[in-house]
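So the chains spell out like this:
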Amino acid sequence: MKKDTMSSSLNNPDKELTALMKNGNVLAFTQLYYKYSPKMYANMFKMVKDKEVVEEMVQVLFSRIWQQRETITYERDFSGYLYRAGSHLVCDFYRKLESDRKMRTQFKSTIMEHYSHIEEQIFFKESENLLEQALAELSPQQRQVYQLCKLDGFSYKETATKLGISPYTVKEYLCKAKNIVKSYMVKNMEIVTF
């Protein structure tokens, strides 16, 4: 008797199976699952092209149907409802994928921005240290002239007045100082760039 009921329920139309499923009938749900899961898989695979993702989507789809069986309304027919729900899952998948891409891109750019900022600070600090070492190679007069003209931005005339020397002497000291600093920096620059 039970066997006859099962075999006759296999031929039930979707409307009857969904009514039984709404009342918690696992057999009705299982029949709907076996009837529609291959179709849903094929349909979703056309859009997603990833076997594992589609398998998971089909599981999520039918799991939601079972969990929400009492509240779901099938406006026209079960297959139409399934295809709409399946297309929503595919859209959600692509929205999430796009959102993840944007987030990864933003994360990468933030890291690169901060990294280059840190890298610039390190480079600046190392360059500053290298400049200090280069200035230590200068005579006290050359160092003063270099400091005032190149680092503090004073003119030859202003520097000459400050130091009580002629603008010509300032020019001479500065020329020698620049050559010493330049050759020191070039010789030791690989430390900074490394």
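These numbers were taken from a predicted model, which means no experiment stands behind them.

A. Up close: the overall build of the chain. Regarding its fold elements, the chain presents eight helices and zero strands. Reading the chain from its N end, one meets helices and strands in the order α-α-α-α-α-α-α-α. Evaluated residue by residue, the chain yields a buried proportion of 28% over its 194 residues. By sequence separation, contacts in the chain at least 24 residues apart represent 55% of the contacts at least 6 residues apart. Only carbon and sulfur atoms are counted for the fraction: they give 57% of the accessible area of the chain, which is about 13900 Å².

B. Structural context of the nonpolar core. The biggest cluster of nonpolar side chains holds 23 residues, and the ones touching the most others in it are Met-44, Leu-61, Phe-62, Ile-65 and Leu-82. Going through the elements one at a time, helix 2 (14-22), helix 3 (26-48), helix 4 (51-67) and helix 5 (78-136) are the ones with two or more residues in this core. Considering each element in turn, this core owes the most residues, eight residues, to helix 3. Membership of the second largest hydrophobic core comes to 15 residues, among which are Ala-134, Val-170, Leu-174 and Val-181.

C. How the structure looks around helix 6 (residues 140-151). Counted at 1.5 Å a residue, the expected span for helix 6 with its 12 residues is 16 Å, and the 15 Å between its end C-alpha atoms agrees. Taken as a whole, helix 6 has its buried residues at Gln-142, Val-145, Tyr-146, Leu-148 and Cys-149. Phi turns positive, to about 80 degrees, at Gly-153, one or two residues after helix 6.

D. Spotlight on the packing of aromatic side chains. Taken as a whole and judged by the stated rule, the model has seven aromatic pairs. Arranged with centres 5.5 Å apart and planes meeting at 65 degrees, the rings of Tyr-36 and Phe-78 form a pair that is edge-to-face. Of this pair, Tyr-36 sits in helix 3 while Phe-78 sits in helix 5, and the two are 42 residues apart along the sequence. Residue class for Tyr-36 comes out buried when judged on its relative accessible area of 4%. For the ring pair Tyr-41 and Phe-45, a centre distance of 5.9 Å and an interplane angle of 15 degrees mean the geometry is stacked. Of this pair, Tyr-41 and Phe-45 are both found in helix 3, four residues apart, which corresponds to roughly one turn of the helix. When its relative accessible area of 25% is taken as the criterion, Tyr-41 is described as partly exposed. Taking relative accessible area as the criterion, Phe-45 reaches 30% and is therefore assigned partly exposed.

E. Layout of the pattern of salt bridges. Within the structure shown, the criterion is met by four salt bridges. Here Arg-95 ties to Asp-92 by a salt bridge, and the two come within 2.7 Å at their closest N and O atoms. Remark: Asp-92 and Arg-95 occur in helix 5; sequence separation between them is three residues, near one turn of the helix. Residue class for Arg-95 comes out exposed when judged on its relative accessible area of 55%. Judged by its relative accessible area of 35%, Asp-92 falls in the partly exposed class.

Rules of the game
- Residues numbered from 1 in each chain as written.
- Predicted model: local features only at pLDDT ≥ 70, side-chain atom pairs only at ≥ 80, totals over all residues.
- Heavy atoms only, no water.
- Helix = DSSP H or I, 4+ residues; strand = E, 2+ residues; numbered from the N terminus.
- Buried < 20%, exposed > 50% of the residue type's maximum accessible area, 1.4 Å probe, protein only.
- Contact = heavy atoms within 4.5 Å.
- Areas by Shrake-Rupley, 256 points an atom, 1.4 Å probe, with all protein chains shown as cover.
- Core = buried A, V, L, I, M, F, W, Y, C linked by side-chain atoms within 4.5 Å.
- Expected span 1.5 Å × (residues − 1).
- Phe/Tyr/Trp six-rings, centres within 6.5 Å; stacked < 30°, edge-to-face > 60°.
- Salt bridge = Lys/Arg side-chain N within 4 Å of Asp/Glu carboxyl O.

Any functional reading would require information beyond the geometric quantities listed.
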